[in-house]
Amino acid sequence: MVERLQHFGVITSSKVAEVMETVDRGLFVPSGSAPYDDSPVAIGYNATISAPHMHATCLQLLEENLQPGMHALDIGSGTGYLTACFALMVGPQGRAVGVEHIPELVSLAKENIQKSAAATLLKDGSLSVHVGDGREGWPEFAPYDAIHVGAAAPEIPQPLIDQLKPGGRMVIPVGNIFQDLKVVDKNSDGSISVRTETSVRYVPLTSRDAQLRGY
Ligand code: SAH
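From a predicted model like this one, the values you see are computed outputs, not experimental measurements.

The rules behind the values
Residues numbered from 1 in each chain as written. Predicted model: local features only at pLDDT ≥ 70, side-chain atom pairs only at ≥ 80, totals over all residues. Heavy atoms only, no water. Helix = DSSP H or I, 4+ residues; strand = E, 2+ residues; numbered from the N terminus. Buried < 20%, exposed > 50% of the residue type's maximum accessible area, 1.4 Å probe, protein only. Near = heavy atom within 4 Å. Polar contact = N/O pair within 3.5 Å; in protein donor to acceptor, adjacent residues only side chain to side chain. Areas by Shrake-Rupley, 256 points an atom, 1.4 Å probe, with all protein chains shown as cover. Nonpolar A, V, L, I, M, F, W, Y, C, P; charged D, E, K, R; others polar. Core = buried A, V, L, I, M, F, W, Y, C linked by side-chain atoms within 4.5 Å. Contact = heavy atoms within 4.5 Å.

A. Looking closely at unusual backbone geometry. That bond from A142 to P143 is cis: its omega, 0°, falls within 30 degrees of zero. Of note, P143 is situated in the loop between strand 5 (127-131) and strand 6 (144-149). Not every positive phi belongs to a glycine, and Y45 is a case in point at roughly 55°. Position of Y45 relative to the elements: it lies in the loop between strand 1 (41-44) and strand 2 (47-49). On the basis of relative accessibility, which here comes to 35%, the residue Y45 falls in the partly exposed class. Positive phi values are uncommon outside glycine, yet N46 reaches one of about 60°. With respect to the helices, strands and loops of the structure, N46 is situated in the loop between strand 1 and strand 2.

B. Up close: the site of the ligand. Neighbouring residues of the ligand: 24 residues in total, closest H55, T79, E100, G134 and T206. At 2.6 Å, a side-chain N or O of E100 approaches an oxygen atom of the ligand. One of the backbone N or O atoms of T206 is found 2.8 Å from a nitrogen atom in the ligand. Starting from 570 Å² of accessible surface for the ligand in isolation, the protein chains cover 99%. Considering every element that reaches the shell around the ligand, the biggest residue donor is strand 2, with 3 residues. Its residues placed into classes, the shell around the ligand shows 8 nonpolar, 13 polar and 3 charged.

C. Region of interest: the nonpolar core. Within the largest apolar cluster, 48 residues are counted, with the highest numbers of intra-cluster contacts made by M20, L59 and L66. In terms of residue count, the dominant contributor to this core is helix 4 (residues 81-90) (8 residues). For L66, the residues in contact, after removing those within four places along its chain, are L59, A72, F86, M89, V90 and A146.

D. Structural context of the side chain of H55. Position of H55 among the secondary structure elements: in helix 3 (residues 52-62). In this structure H55 comes out as buried when scored by relative accessible area, which is 5%. Contacts of H55, omitting those with residues within four sequence positions, involve M20, R25, I49, S50, Y81 and L82.

Below, the structure is given as structure tokens:
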């Protein structure tokens, strides 16, 4: 999977290649589906695990903000795959925090992570996954060097901007049917620069009720 993404020029970073090889996607995808194909897979509750090329793209956009010791927040952590990648990159001195509003998916993510290369980080507490509304962020471990949002927001939630460290970067899909992957940089004076990376299609960042009703 990683070699294919390198071949097609999606993965250019050796660090991202290494972390995606270390965290086995096969442990995070429901059995019976093809974990190493480059496509999203349904995980129940009207949610999906993103395609590997999207995980790779987001990891590369955030790479400089995922250095050892840094704090990373993963909103809509779903299977926990990307949260585990973040945890390996920031290491035991850093903090990787997943927030997901479906409690069953939080339990599933923890089970998945326990089988993965990030298991010790979960046990030692530098990696944690919480039930919550990701639109509020997770103030406990703020400010964050890196914030990833794995579901599309109608607009960028203010609490997430507030919880971004000066010098920090957030990657977030924004829009309804047509969505743009936005890269939000907080400058050292606290001002914000936003640019569009690419067009994407994610499930919505919404309320639990709306999601379980099927949006
Ligand atoms: N990065 C995850 C993506 C899962 S899909 C992965 O690759 O496994 C998006 C996730 O966002 C779903 O699990 C959904 O339940 C969650 N979600 C949607 N709205 C949310 C909200 N308001 N708060 C927290 N999680 C939310």
